[in-house]
Amino acid sequence: MLIGEVARRSGVSARMLRHYESLGLVRPTGRTGAGYRAYSGEDIRRIFHIESLRSLGLSLREVGRALDDPGFRPSELVDDLVRRTRERIASETELLTRLRRIGAAEPAGWEDVLQTVGLLHALGSKSAGTRQRAALSSAEEVPWPVEALVEAALSETDPNVAGALRWALAQSGDGGSALLAEGLGSPVAEVRKRAAQSLVEMPDAAATALLKEALGHPDTVVRGYAALELGARGVGAAVPTLIDMVVEERNDVDAADALSALASDPASAERIATGLVDRLAHGTAGPSERRRLAQALADIPGLTASRALADLARDEDRVVALTATYILGIRDAR
């Protein structure tokens, strides 16, 4: 079969067939009387083998080795192709993400595009100082790319940079809350913690709603951040979680302060005092838990709290009794 017929049937151009021949990949087994290349059936099968291997992403040199090297191992080739394909997909995905973020910033012109690209590069820098400056940089002319800020905040390990990123998110409006909510569902504990830390600095109503939902989160760290912030925002739904934190000695001092802040009106104070007393009434609280409950009752006004402290002043544990007696003395002096 002559080269033109081979090209027509195989879909490989005559020019490419000549290139294959120059590289030694295909050598026509015969010549016509006029000196034209003549391809045998075996030559044509080899051409199809070459095209099949090229379709997998192999270079022509790799194709030649695969066909001619007796020691060639296909499994190694496949493993290498898988690795290269994953790298290419990761690279393309990164590019797609960057383009999407630039589009989300709604640039008005090329200057805006370049500024956004510069910010994205800076947020991905290996230098903590560069990342921090990027987070703190002014965004008056170009809107913040919120997705990029959220991703950076969820992956940042440097505490100073993380603080700057949380500040930047708080300035970016309410678009970041929903994205941070996805971080709360991460299988990685550190990512969930960073999402909670970022969410508590978001001042919008959407963030408050998400924090309320987080009170039921299975991660105690997430619940703790949510409860403390909701307490600061005056949300009474945080009371049960704050009491749990006091009993379990998880940021118990901060939790007690939050309960005190929530006890500003008589109804809230009574509810908090009743919740603390219920933990004492169960009879399962050990001396250290009873001492912490006494300390939490210190700034809760009302008769329920005072009566509970009077009972604790007679506690069998000397430290608990002294703590409650001291607190009662301060309350009486007010």
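Everything below is about the structure printed above this text.
Okay, so let's go over this structure. (Residues numbered from 1 in each chain as written. Predicted model: local features only at pLDDT ≥ 70, side-chain atom pairs only at ≥ 80, totals over all residues. Heavy atoms only, no water.)

The α-helix advances 3.6 residues per turn, and as a result positions three or four apart in sequence lie on the same side. Here helix H3 (residues 41-55) spans 21 Å end to end across 15 residues, near enough to the 21 Å set by a 1.5 Å rise per residue. Inspection of H3 places Asp43, Ile44, Ile47, Ile50 and Leu53 among the buried residues, and these make up the whole buried set. Looking at the buried side of H3, the elements it contacts are helix H1 (3-10), helix H2 (14-23), strand E2 (37-38) and helix H4 (60-68). With its phi angle positive at about 100°, Gly57 sits one or two positions after the end of H3. (Helix = DSSP H or I, 4+ residues; strand = E, 2+ residues; numbered from the N terminus. Expected span 1.5 Å × (residues − 1). Buried < 20%, exposed > 50% of the residue type's maximum accessible area, 1.4 Å probe, protein only. Contact = heavy atoms within 4.5 Å.)

Between helix H17 (residues 287-297) and helix H18 (residues 303-312), whose axes approach to 10 Å, the crossing angle comes to 145°. H17 and H18 meet at a crossing whose hand is left-handed. Side by side, H17 and H18 meet where Arg290, Ala294 and Leu297 of the first sit next to Ala305, Ala308, Leu309 and Leu312 of the second. (Axes fitted to C-alpha atoms, helices over the stretch in contact; angles between N-to-C directions. Left-handed = near helix turned anticlockwise from the far one by under 90°.)

Quick look at the environment of Val239 now. For Val239, the location among the structural elements is in helix H14 (residues 239-248). With 29 residues separating them in the primary sequence, Val239 and Ser268 have C-alpha atoms 9.4 Å apart. Once residues lying within four places of it in the same chain are set aside, the contact partners of Val239 are Leu259, Leu262, Arg271 and Ile272.

We note that Glu249 has phi near 60°; this positive angle belongs to a residue other than glycine. Residue position: Glu249 is located in the loop between H14 and helix H15 (252-262). Positive phi outside glycine occurs at Asn251, with the angle close to 50°. Within the secondary structure layout, Asn251 lies in the loop between H14 and H15. A residue is classified by how much of its surface remains accessible, and Asn251, at 47% relative accessible area, is partly exposed.

Within H14, 7 of the 10 residues are buried, leaving the element largely enclosed by the surrounding structure. All of the buried residues along H14 are Val239, Thr241, Leu242, Ile243, Met245, Val246 and Val247. Looking at the packing, one finds that the buried side of H14 touches helix H13 (220-232), H15, helix H16 (266-281) and H17. Among the residues trailing H14, Glu249 stands out with phi positive, at a value near 60°.

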